[in-house]
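Chains, contacts and geometry: an overview
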Amino acid sequence: MKIGVLGAGTMGAGIAQVAAQSGHRLVLVDVNESALTKAKASLQKIIERLIEKSKWTEDFGNEVFGRIRFSTQMNDFEGSGLIIEAIVENIEIKHAVFKQLESIVDENCILASNTSSLSIAAIGSVLNNPSRVIGIHFFNPAPLMPLVEIIPAVQTSEVVTENARAIIDAWNKVTVLAKDTPGFIVNRVARPFYGEALRIYEEGVADFATIDWAMTALGGFRMGPFTLMDYIGNDINYTVTETVFKAFYYDPRYKPSFTQKRHAEAGYLGRKSGRGYFDYSENAVTPEPVKDEVLGKEILNRILVMLINEAADALFLNVATKEDIDLAMTKGVNYPKGLLKWADEIGIKNVLEQLETLFEEYGEDRYRPSPMLKRMVREGKNFF
């Protein structure tokens, strides 16, 4: 099957690599010639590195690169069985692009978006046949991150969903099925990892380094929230938070932080700008955390119960199955455990009691416990 990828940025180029190394011939299209040149050079460098490390043979590397055609012409998508769009997160631009794609390909071609925050139903709404549109959401970097969220819209046909998932499964990816709701699984459930860490800092409970230490040393997370936000980019992470907040009709649970907004406004974007919550300049001194285990456990438990509450609510609202929610968080953002299994380990009753204490203390909807947790405790059940 011929694959099309629209957008030669980091994500588009990564998806093209995944498809090509899985045996597909494909066309990578971008109207910006310099973006294509950059993607081409980047892919060549990645392939050279894989050959140097003996992960690929030279012949295989040449085969993979040879399968990719770089083009500035949308018409070159003709004959594709699947096209994955990975361009700017702007619904008007996506509408224009998808209408153009529909006029080029045949009726059996699946049209997919790699959007992380826009409605798949809205993207497909402008087409004559919206049943062929689906969300296929990769995580960055696409060749390395195993998880892909498959998001059918209300208009998407079951056959398209099955076929899209089968294609991505064949690319040796771990797929999860998510409802077309803001943030899908990962970007929805992960919000408290950042949001509650920022809130703890704003209250003066602990500084950035101490919060990160608590989550990594005591919680087993690979990165603390502030290190991770600096890695992602404060501008990107803030935009996702703001988008999810608006999409959920301003539900207080997803309220963005002024601390993050000010850092983004100041140009403190993280590693890419040399400074974020931490200083990444050459002679910068890494701040030492306060390694107080009592304080650290307080921080960890507060963020963890908020994450579990979000995962439980996603299950309550049928965003995904309990298996897919836990799989998404371990494979998509490298959490040390699935959140629902973690809830079983520490006791759902304990989680609910901590949330009720926070809710009583603050009186804010951000701390309201999910009905799912209340139901599980009342019925004496575990998630698994």
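Up top is the structure these notes are about.
Cut-offs applied
Along each chain, residue indices are assigned from 1 in the same order as the chain's sequence is written. In keeping with the model being predicted, local features are shown solely for residues with a pLDDT of at least 70 and side-chain atom pairs are shown and tallied solely at 80 or more, while totals for entire chains, interfaces and linings include all residues. In computing side-chain properties, one takes all heavy atoms of the structure into account and sets aside hydrogens as well as water. In this scheme, a residue with accessible area under 20% of its type's maximum is buried, one over 50% is exposed, and one in between is partly exposed, where area comes from a 1.4 Å probe on protein chains only. Numbered from the N terminus, helices here are DSSP runs of H or I no shorter than four residues, and strands are runs of E no shorter than two. The arc in question is the one spanned by the directions pointing from the helix axis to the C-beta atoms. When checking whether two residues touch, look at their non-hydrogen atoms; a contact exists if any pair is within 4.5 Å. Two N or O atoms count as a polar contact when they lie within 3.5 Å, although within protein this holds only if one can serve as hydrogen donor and the other as acceptor, and sequence-adjacent residues are included solely when both atoms are side-chain atoms. We call a crossover right-handed when, viewed with the strands running away from us, the connection from the first strand over the helix to the second turns clockwise. A pair of strands counts as paired when DSSP detects no fewer than two bridges linking them. The term salt bridge refers to a side-chain nitrogen of Lys or Arg lying within 4 Å of a carboxyl oxygen of Asp or Glu. Surface patches are drawn from residues lacking salt bridges whose relative accessible area is over 30%; two like charges belong together within 9 Å, two nonpolar side chains (Val, Leu, Ile, Met, Phe, Trp, Tyr) within 5 Å. Using a 1.4 Å probe, the Shrake-Rupley method yields the accessible areas, and only the shown protein chains count as cover for residues. In this charge count, Lys and Arg are treated as positive and Asp and Glu as negative; neither His nor the chain ends contribute. A charged residue contributes its charge at one atom only: NZ of Lys, CZ of Arg, CG of Asp or CD of Glu. Grouping buried Ala, Val, Leu, Ile, Met, Phe, Trp, Tyr and Cys residues that are joined through side-chain atoms within 4.5 Å yields what is termed a nonpolar core.

1. Observations concerning helix H12 (residues 258–265)
Residues of H12 that are buried: Thr 259, Gln 260 and His 263. Looking straight down H12, one finds that the buried residues subtend no more than 95° of arc, so they occupy a single side. Looking at the buried residues of H12, the elements they touch are helix H8 (191–202), helix H9 (208–218), helix H10 (225–232) and helix H11 (234–247). N-cap assignment for H12: the residue whose side-chain oxygen lies 3.0 Å from the backbone N of Thr 259 is Ser 257. Where H12 terminates, the next one or two residues include Gly 267, which has phi positive at roughly 85°.

2. Remarks on the pairing of strand E5 (residues 110–113)
Burial along E5 is two-sided: the residues Ile 110 and Ala 112 and Leu 111 and Ser 113 are all buried. Where the polypeptide runs from strand E4 (residues 82–85) across helix H4 (residues 91–104) and back to E5, its parallel neighbour, the crossover connection is right-handed. For E5 and strand E6 (residues 133–138), the ladder comprises three bridges, and the chain directions are parallel. Bridge pairing in E6 links Ala 112 to Ile 134.

3. Some thoughts on unusual backbone geometry
Of note, the bond from Asn 140 into Pro 141 is cis; its omega dihedral lies within 30 degrees of zero at -5°. Position of Pro 141 relative to the elements: it lies in the loop between E6 and strand E7 (147–152). Phi at Ser 54 is positive, roughly 60°, even though this residue is not glycine. Note that Ser 54 resides in the loop between helix H2 (33–52) and helix H3 (58–66). Residues other than glycine seldom take positive phi values, yet Tyr 249 does so here, at roughly 55°. Note that Tyr 249 resides in the loop between H11 and H12. Judged by relative accessible area, which is 76%, Tyr 249 ranks as exposed.

4. A short note on the pattern of salt bridges
Overall, the coordinates contain 22 salt bridges when judged by the stated rule. Notably, a salt bridge pairs Glu 353 with Lys 349, separated by 2.7 Å at the nearest N-O pair. Note that Glu 353 and Lys 349 are positioned in helix H16 (residues 348–362) at a spacing of four residues, about one turn of the helix. For the salt bridge of Glu 379 with Lys 381, the shortest nitrogen-to-oxygen distance reads 3.2 Å. Note on Lys 381: relative accessible area 46%, which makes it partly exposed. Linked by salt bridges that have partners in common, Arg 188, Asp 251, Arg 253, Glu 310, Asp 313, Asp 365 and Arg 368 make up one network.

5. Remarks on a positive patch on the surface
A cluster of basic residues, Lys 45, Arg 49, Lys 53 and Lys 55, forms a positive patch at the surface. The exposed category is assigned to Lys 55, whose relative accessible area is 58%.

6. Things to note about the nonpolar core
Judged by nonpolar contacts, the single largest core of 82 residues is most densely connected at Phe 77, Ile 185, Leu 339 and Phe 383. Examining the composition of this core, we find that 13 residues originate from one element, helix H13 (residues 293–316), more than from any other. With residues near it in sequence (within four places) discarded, Ile 185 still touches Glu 149, Val 176, Leu 177, Ala 178, Val 319, Ala 320, Asp 324, Ile 325, Ala 328 and Met 329. The next biggest cluster of nonpolar side chains, apart from the first, holds 39 residues, and it includes Ala 20, Ile 47, Phe 70 and Val 160.

These figures capture arrangement, not role.
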